[in-house]
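# Report on the structure
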Amino acid sequence: MPRQRTNSALDQYELAVDEIVAACDGDLRSALRALMLLNEQLEQELTLMSGVRPPDQRLH
């Protein structure tokens with residue numbers, strides 16, 4: 001059974017990638033850029049939620 005869960009998860013990733021690329025009119029570079037920007041935003045939110053300041057914003 002774990003094999004089916006893995007395939008299902010991979011299928012979901014494949015569908016998500018297809019949707020992201022389609023939303024960027026098939027432009028892979030734009031899709032990658034969008035994902036990188038989203039990842040950066042999520043990292044910033046996680047940092048804010050954890051209460052830890054990024055290295056470039058620490059007080060000396």
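Look up: the structure comes first, before these words.
Rules of the game
Residues numbered from 1 in each chain as written. Predicted model: local features only at pLDDT ≥ 70, side-chain atom pairs only at ≥ 80, totals over all residues. Heavy atoms only, no water. Helix = DSSP H or I, 4+ residues; strand = E, 2+ residues; numbered from the N terminus. Buried < 20%, exposed > 50% of the residue type's maximum accessible area, 1.4 Å probe, protein only. Patch = residues over 30% accessible without salt bridge, like charges linked within 9 Å, V, L, I, M, F, W, Y side chains within 5 Å. Areas by Shrake-Rupley, 256 points an atom, 1.4 Å probe, with all protein chains shown as cover. Salt bridge = Lys/Arg side-chain N within 4 Å of Asp/Glu carboxyl O. Lys, Arg positive; Asp, Glu negative; His and termini not counted. Charge placed at Lys NZ, Arg CZ, Asp CG, Glu CD. Expected span 1.5 Å × (residues − 1). Polar contact = N/O pair within 3.5 Å; in protein donor to acceptor, adjacent residues only side chain to side chain.

Let us look at unusual backbone geometry. In this structure, D25 takes a positive phi of about 55° despite not being glycine. Following the sequence through the fold, D25 ends up in the loop between α1 (2-23) and α2 (28-50). Accessibility expressed as a relative area gives 74% for D25, which makes it exposed.

Let's shift gears to a negative patch on the surface. Together, D11, E14, D18 and E19 make up a negatively charged patch on the protein surface. Tracing the backbone shows E14 in helix α1.

The next subject is α2. For α2, built from 23 residues, the straight-helix expectation of 33 Å at 1.5 Å per residue is met to within 8% by its first-to-last C-alpha distance of 33 Å. Its side-chain oxygen placed 3.0 Å from the backbone nitrogen of R29, D27 serves as the N-cap of α2.

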